Structure formats: structure tokens, C-alpha cells
Amino acid sequence: MSVHGRSTPCSLRALGMLTALGRGSDEIWPRLVAGEPAHLTVRDDLVPGRPLVVGAVTGELPRLPRGLARYACRNNSMTLAALEQIEDAVRDVAAAAGRRRVAVVMGSSTSGVSDAEAAIRHQHLTGVLAPSFHYEQLEFGGASAFVAKLFGLGGPAFTLSTACSSGARALASARALLALGIVDAVLAGATDTLCGLTTNGFSALQVVSDEITNPLSRNRNGITLGEGSALFLVTREAEGIQLLGVGESSEAHHMSAPDPHGAGAEAAMRAALADAGVPPDAIAYVSLHGTGTALNDAMECRAIARTFPSPPPCSSAKPLVGHTLGAAGAIEAGFCWLMLREQDSGRLALIPHAYDGERDPELAAIPLAAKGMQVAAGPVLTNAFGFGGNNCSLVLARGAA
Amino acid sequence: MIPAVVRGWSAWSPGREDPAAWRAWARAPELLASEGCPDVQFLPAMLRRRCSPLARIMLETAYAACPAEERAQVRTVFASRHGNINESIPMLDRLAERQPISPTKFSHTVHNAQAGLFSIAADNRQASSSVAAQQDTFACGYLEALTHLQRDPRSAVLLVMADIPLAPTFAKLVEEPAATYGLALLLAAGGEGPTLGFETAASDAVVPARAWPDALEFLRWLLVDEEPLVLGAGACRWRWERHTPSSA
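Because the structure is a prediction, the values reported are computed rather than measured. (Residues numbered from 1 in each chain as written. Chains lettered and ligands numbered in written order. Predicted model: local features only at pLDDT ≥ 70, side-chain atom pairs only at ≥ 80, totals over all residues.)

Caption draft 1: How the structure looks around the overall build of chain A. Within chain A one finds twelve helices and 16 strands. Computed over its C-alpha atoms, the radius of gyration of chain A comes to 20 Å, within 12% of the 21 Å expected for a compact globule of 401 residues. Dimensions along the principal axes, computed over C-alpha positions, put chain A at roughly 60 × 55 × 40 Å. Sorting the 401 residues of chain A into buried and exposed places 65% on the buried side. Put simply, 81% of the contacts in chain A that link residues at least 6 apart link residues at least 24 apart. (Helix = DSSP H or I, 4+ residues; strand = E, 2+ residues; numbered from the N terminus. Rg over C-alpha atoms; globule rule 2.2 N^0.38 Å. Buried ≥ 20, exposed ≤ 12 C-beta atoms within 10 Å, placed from the backbone. Contact = placed C-beta atoms within 7 Å.)

And the structure:
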């Protein structure tokens, strides 16, 4: 039933990105390889009585155009800040393909809930919701509708919300839409905002760390939350950085804890490798989901040790930008994209694993990327595992360009 | 057009719970009740207790549309415009008063809570996505289901769409034909059932005013109407046509 077949190339042609490490590739890349968690901040306005270390986006965000006031929320302002970095490429592709032939697939676990929280606080004080609040800011579908309206696109526009795998899944859907032939380009990615709901929710689940997250350490005690946005322009060319493989699985295990054996994580990674047509040995680097919870790190290391007979160097970007939840899959795919773009003379400079260096001896042994480490270039794999046991792994590689 | 076979379907709204009742409704649509929720007795008590009203409707229709022997094998797409937002409002109220929220409530109101509950209840380890797209949620859920068939045509995809009218806090902010309903479609690349073609249509295609949510307009068309169906009020229109007339 496929128009183009499974071998349709999928080029991640341009990337706009915004995280605690900064705005845009040029600012983010040197800070990523430096591997210092120097850009995290402390916020005491999120969880009552509990100051939290977070990966917040700082500085002023762009305002939405006046005609899109119904969509004006922090989440969409972050999306706009990422889109401004690739605006020209988007307009060129939309002009060439036709606006009806460009789709939008966004991932988010928050959409504009931080603005809804403010609107409801206003209601508690005054009896009415804040007048600037519109439902389009809060509903998940508003995140993708905003992007389509911003560029006047007429292709399908939808949001995927599968918790912490949302961003990876948005890229997977983009690739499938291109293979289906229904559009010629997709704006795909994800944005998530630090808000009361997720910080209090994860805090109540007792998985938030008081210090900077410390993945794979014997001293790890939970996640550091973050926010940000990464948007890709995805097209059908064989050149440039390719989304080579996608692997998805569900866990049938628990709503808020992973299967301790890592069977779901393993299934997603194996499916992504098979889909990419790449043997485990060819993978040069793995970007860990690496949240710094006792359970995630234990099951993920186990799953990697089983999937890769001799695992490549791995690292988690969570200590640098926080766990950006629904955006994590897209942001960390973005970090892999940067790594591949910066590839030089057949060498890949790796994102170092920033932690206290006290490896938990109970974890399955996998090599960790040290600061300054370089390896022979090859495809890379990134993991995103979500609430409700929803997993997605992606394989990215540099094309023949 | 992109083809798919509707191998099975199931719909639910309060008091309207079997195919015969929906066939009658499709011939002569009448107001649907808005209060009520399926009892989902097939779920273990521990899971059932934690299901939101939306999750109950989604699991009820999912189980009814998909034969037991395939429930662990299908890939799933759960589509809902509003998801569990009604369940989130009390949590937002608590946050406004700087009160703690329940971790269980929090983890059972995420947009993919239904997907997680289905996966646990049916022991399903396949790919699953959860979609929202404002007034185009049903069509985009259908499209997302087609992308899963594209990725692997060998197994079926279960599309589940449901919504519940928004609670008063937000209801006046949204204009839409609201209803309490669920619709599940078992879509496959082959097998028994009507074959439908799907495509996006030019945005100037005429769309008559709709009395029902898109998913129910689709069901009505699937059960009685032979003319191609066009849905969508925004920049993108969605068009379905029947390849082989069948009694669904």
C-alpha cells in the first residue's frame, strides 16, 4: 500500500533549537561538547516549598504575530524561537512544494498548560479566567495548528502526545507521512514548557532530584526537569543527515515506571536498527534516555548491553539541559544531528556524559563518552522512553552528501 | 488515494452501545445522551478504578472493535481533541491554591494514559501513538493510523477516537458539536470489510455544516452513505471514498 516504499529517504534538512544551553546550533554545540551543567538554574516558583534545579530557557522569547493571539503561550513562543532559525528554508520548501504539500507534526506533553495555570490562578482571585487565555493555547492540537498557521500551510497538522517519547515519535510520523506520499515536506519536532503540572506531578511521583541529575551514578536520585524546543524541516532527499530508522514499542507494564528488565527499550532499539538496516556494531554512539532515576538507568543499561554485543560510547544530555519531557526526543535527536553535522575527517566528537564519575556497579557495563572523546564516524542511535510504557528509538546517519 | 480496509468497528455513547443501535442512529440521527460511562467489566478491578471516563470509553470501543486474539498484536492510535483535560482541571485548581497533587491522578491524566492502560490490559507491546488536532483530530488520527500501516502492512492498526464535552471551566471557550462518544476502527491493508480510499482535498471543497463530531459523521457515512465524504473546516480537507460497496 506504500507509494514510495520503506526505502524512501528521509532528510532532516534544517534544525532550529532552543534549550537551557542557548538558542541555535552555533550557541548550543560548543556548550554540548564542553559538557558542563553550567546553564541550569534554580526555580522556587514551581513546586511550593521546594526549590528545583531546572533546565530553563532564559531570556526574552519572541511574541506571536498579532493575528495568532489565540495561540499566544510560552510553549508556542519557544516553538517560534526555534522556527525563526529555519524560517528561510521552510519558506523555500513551501514555495517549491506548495503549501498544501507541507505537513506539521508536533510533539508535546505540556502544550500551553503553564498559561492555563496562570489563567486559573486569575480565576481563583477574580472569579473569571484571565482574558488573554484561549483554549487553543492549552489544547495539544494548538501546538501544531500554530505552526501551520504561522507559515500558512495547508497540509495535515497534528500533535502527538505520548509523554517523554512525543518528540521522537513526531519525527517517526514525519518520515512515514513522506513515505506515504501525502506531502513533500514536514515540519516536525517538539516543544515542552516547565509548568506547575509536570513539576508537581513528577515531584509527587518522587522522581525529581534535589541536585543536578546524576545519571548512571551510584548516587543518582532522580531527574532534573527542563524545557525547550527542536523543530526539523524534513524532506524526501537522500542527501544530508538522514532519519535512517525508527523503532517503537509499548511495555504492557506500568503507567509510570519502566519494565525493570528493559524488554520494551530493547525491542525499540532492535526495531530501529532493523528498520535502518544497520547492524549493532555499526552504531558509533548512543544518546541515552538517561533520566537519572534508579529504574530508568538500570533497565536502559541492561537493554543496551543485550542489544549491542559490544556497546558504543553512550551519554545522557539530561545533566546539561534537563529532562525536557515531551520535547526530549526531538531535542536529543537534534543533538545527534549537530554531532553528525560537525563530523570532521571521519571523526565524530561526542557529547560527554556529565555526572559525578561514581558509576553504579550494579548497572550493566556500557562505555560512557568522556569529555573530548572522538570516535570513527557512523550512524548514531537515540532513545526516548515515555510514561505509560511508550518507547521510541531513532537511528540518524549522515547521507552521501 | 490511500487504501485501507475497515475490518471492524465499534462505537459507544451513553445508552447506545451495540452495532444495531448505531445502524438505526445512522439512518435517523438523533440527539446523543451526554451523561454516562461504560462499566468496562472486562478490565481487572485495579485498572478499572484508575480509568478516567475517557479511558473507559476508549477501552470499551477498542475491545469491542478488535477480536481478542489480535488485541496483543495490533498497533494502536488513540485520538482525542480534549483528552483528559476535564480530569486535569481539579489538579490545576489545586495548583492555584498551592496544594499538592496526587501522583496517580497525574500519571493517569496524561494524553497517552489510555494507550498505556490498553497496553497493560491487553498485554500489547506494539507501537502506539496518541493524537490531537483540534477539529481535525479524527482525520489526523486516521492518517496517523495509515502511517502505521505504511510502516508495516502485515498487521492491523486499531484507531480509537473519543471525546467528552469540556467541563464548564473551558466549555464556553470552544465552539464545536460536542458529544460523549467513542469510535474504534480496526484498519488493515487487507482482509474482510469495506475498502476505503483516503486523501487530502483542496481547501475550497464544499463542506456542508456538520451536526455531529467528525468521527460520528464518518461512522454515519460508513454505515449508510455511498457518496464520497469530505470533512474538515480548516485549511486542510479530508476525503474518503468507498472502493467496494459493502454492508459494513
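Caption draft 2: A look at the overall build of chain B. In terms of regular secondary structure, chain B is built from nine helices and eight strands. Relative to a compact globule of 248 residues, whose C-alpha radius of gyration would be 18 Å, chain B shows 18 Å and is just as compact. Counting only C-alpha atoms and orienting by the principal axes, one finds that chain B spans roughly 55 × 40 × 35 Å. When each of the 248 residues of chain B is scored for burial, the buried share is 53%. Taking contacts inside chain B between residues at least 6 apart in sequence as the whole, the part at least 24 apart equals 76%.

Caption draft 3: Local environment of the environment of Gly240 of chain A. Residues and elements named next belong to chain A. Tracing the chain through its elements places Gly240 in the loop between strand 9 (228–235) and strand 10 (241–250). We classify Gly240 as partly exposed; it has 19 C-beta atoms within 10 Å. A sequence separation of 159 residues divides Gly240 from Gly399, and the C-alpha atoms of the two residues are 5.1 Å apart.

Caption draft 4: Local environment of helix 8 (residues 196–204) of chain A. Most of helix 8 of chain A sits out of view: eight of its nine residues are buried. Buried within helix 8 of chain A we find Gly196, Leu197, Thr198, Thr199, Asn200, Gly201, Phe202 and Ser203 of chain A. Looking at the buried side of helix 8 of chain A, the elements it contacts are strand 3 (41–47), strand 4 (50–55), helix 4 (113–126) and strand 8 (225–226) of chain A together with helix 4 (85–96) and helix 5 (103–107) of chain B. Gln206 of chain A lies just past helix 8 of chain A and shows a positive phi near 60 degrees.

Caption draft 5: Looking closely at the sheet that holds strand 8 of chain A. Residue and element names in this part refer to chain A. Read across the open sheet, the three strands follow the order 3-4-8; overall the sheet is mixed. Sheet topology places strand 3 and strand 8 at the edges, where each strand pairs with a single neighbour. With two bridges joining them, strand 4 and strand 8 adopt parallel strand pairing. By the bridge assignment for strand 8, Gly55 is matched with Gly226. Against the sheet, helix 8 contacts strand 3, strand 4 and strand 8, and its axis sits at roughly 90 degrees relative to strand 3. (Pairing = 2+ DSSP bridges. Axes fitted to C-alpha atoms, helices over the stretch in contact; angles between N-to-C directions.)

Caption draft 6: Region of the structure containing the packing of helix 7 (residues 166–180) of chain A against helix 7 (residues 137–151) of chain B. Between helix 7 of chain A and helix 7 of chain B, the least distance of the axes is 9 Å, while the angle of their chain directions is 75 degrees. If you check the angle between helix 7 of chain A and helix 7 of chain B, you find them roughly perpendicular. Here Ser173, Ala176, Leu177, Ala179 and Leu180 of chain A of helix 7 of chain A come into contact with helix 7 of chain B, specifically with Glu144, Leu146, Thr147, Gln150 and Arg151 of chain B. Grouping the amino acids of the contact of helix 7 of chain A with helix 7 of chain B by side-chain chemistry returns five nonpolar, three polar and two charged. (Parallel < 35°, antiparallel > 145°, perpendicular 65-115°, else oblique. Nonpolar A, V, L, I, M, F, W, Y, C, P; charged D, E, K, R; others polar.)

Caption draft 7: The arrangement of the interface of chain A and chain B in detail. Contact with chain A, which involves 55 residues of that partner, is made by 57 residues of chain B. Secondary structure elements with two or more residues in the side of chain A that touches chain B: helix 4, helix 6 (140–151), strand 6 (157–160), helix 7, helix 8, strand 10 and helix 9 (263–276) of chain A. A per-class count over the side of chain A that touches chain B returns 25 nonpolar, 24 polar and six charged.

Caption draft 8: Broad picture of helix 1 (residues 25–34) of chain A. Residues and elements named next belong to chain A. Burial in helix 1 covers these residues: Ile28, Trp29 and Leu32. Looking straight down helix 1, one finds its buried side chains confined to an arc of 100 degrees; they lie on one side. For helix 1, the exposed residues lying more than 90 degrees away from the buried face are Asp26 and Pro30. Looking at the packing, one finds that the buried side of helix 1 touches strand 1 (11–19), strand 2 (22–23), helix 11 (318–321) and helix 12 (328–341). At the exit of helix 1 stands Gly35, carrying a positive phi of roughly 65 degrees. (Arc of directions from axis to C-beta.)

Caption draft 9: Layout of the confidence of the model for chain B. When the pLDDT values of chain B are averaged, the result is 94; 98% of them are 70 or greater. Predicted complex, confidence summary: ipTM 0.96, pTM 0.97. (pLDDT = per-residue confidence, 0-100.)

Caption draft 10: Here's a closer look at the pairing of strand 10 of chain A. Residues and elements named next belong to chain A. Among the ten residues that make up strand 10, ten are buried, leaving the element largely enclosed by the rest of the structure. Of the pairings in the sheet, the one linking strand 10 to strand 16 (residues 390–398) comprises nine bridges and is antiparallel in character. When the sheet's bridge partners are listed, Val246 is paired in strand 16 with Leu394.

Caption draft 11: Unusual backbone geometry, seen in detail. All names here are of chain B. For Val40, which is not a glycine, the phi torsion comes out positive at approximately 35 degrees. By secondary structure assignment, the location of Val40 is in the loop between helix 1 (19–27) and helix 2 (45–50). According to the C-beta neighbour criterion, Val40 is partly exposed, with 18 such atoms within 10 Å. Unlike most non-glycine residues, Asp123 shows phi in positive territory, near 50 degrees. Using a count of 11 C-beta atoms within 10 Å as the deciding quantity, one classes Asp123 as exposed.

Caption draft 12: Region of the structure containing the domain arrangement of chain A. Residue and element names in this part refer to chain A. Per the domain assignment, the segments of chain A are domain 1 (11–235) and domain 2 (243–398). Placing the centre of domain 1 and that of domain 2 at their C-alpha centroids yields a distance of 21 Å. On the domain 2 side, the residues contacting the 60 residues of domain 1 number 54 residues. Looking at the side of domain 1 that touches domain 2, the element that brings in the most residues is helix 7, giving eight residues. (Domains from an automatic or database assignment.)

Caption draft 13: Main features of the packing of helix 8 of chain A against helix 4 of chain B. Where helix 8 of chain A contacts helix 4 of chain B, the two axes come as close as 10 Å, and the packing angle between them is 90 degrees. Taken as axis vectors, helix 8 of chain A and helix 4 of chain B run roughly perpendicular relative to one another. Touching Gly196, Leu197 and Asn200 of chain A of helix 8 of chain A are Met91, Leu92 and Leu95 of chain B, all from helix 4 of chain B. Looking at the contact of helix 8 of chain A with helix 4 of chain B, its residues break down into four nonpolar, two polar and no charged.

Caption draft 14: Up close: the confidence of the model for chain A. Per-residue confidence for chain A gives a mean pLDDT of 96; residues scoring 70 or more make up 98%. Predicted confidence is poor over residues 1–5 of chain A, with pLDDT under 50, and the contacts of this stretch with residues over four places away or in other chains come to twelve contacts.

Caption draft 15: Up close: the environment of Ala69 of chain A. Relative to the helices and strands, Ala69 of chain A resides in the loop between strand 4 and helix 2 (74–83). Sequence spacing of Ala69 of chain A and Gln137 of chain A is 68 residues, and the spatial spacing of their C-alpha atoms is 9.1 Å.

Caption draft 16: How the structure looks around the pairing of strand 5 (residues 102–107) of chain A. All names here are of chain A. Burial within strand 5 is extensive, with six of its six residues counted as buried. Two elements, strand 5 and strand 7 (residues 185–192), share six bridges in a ladder whose sense is parallel. Bridge pairing in strand 7 places Ala103 opposite Val186. Note: strand 5 against strand 6, four bridges, orientation parallel. Counted as the bridge partner of Met106 is Thr159 from strand 6.

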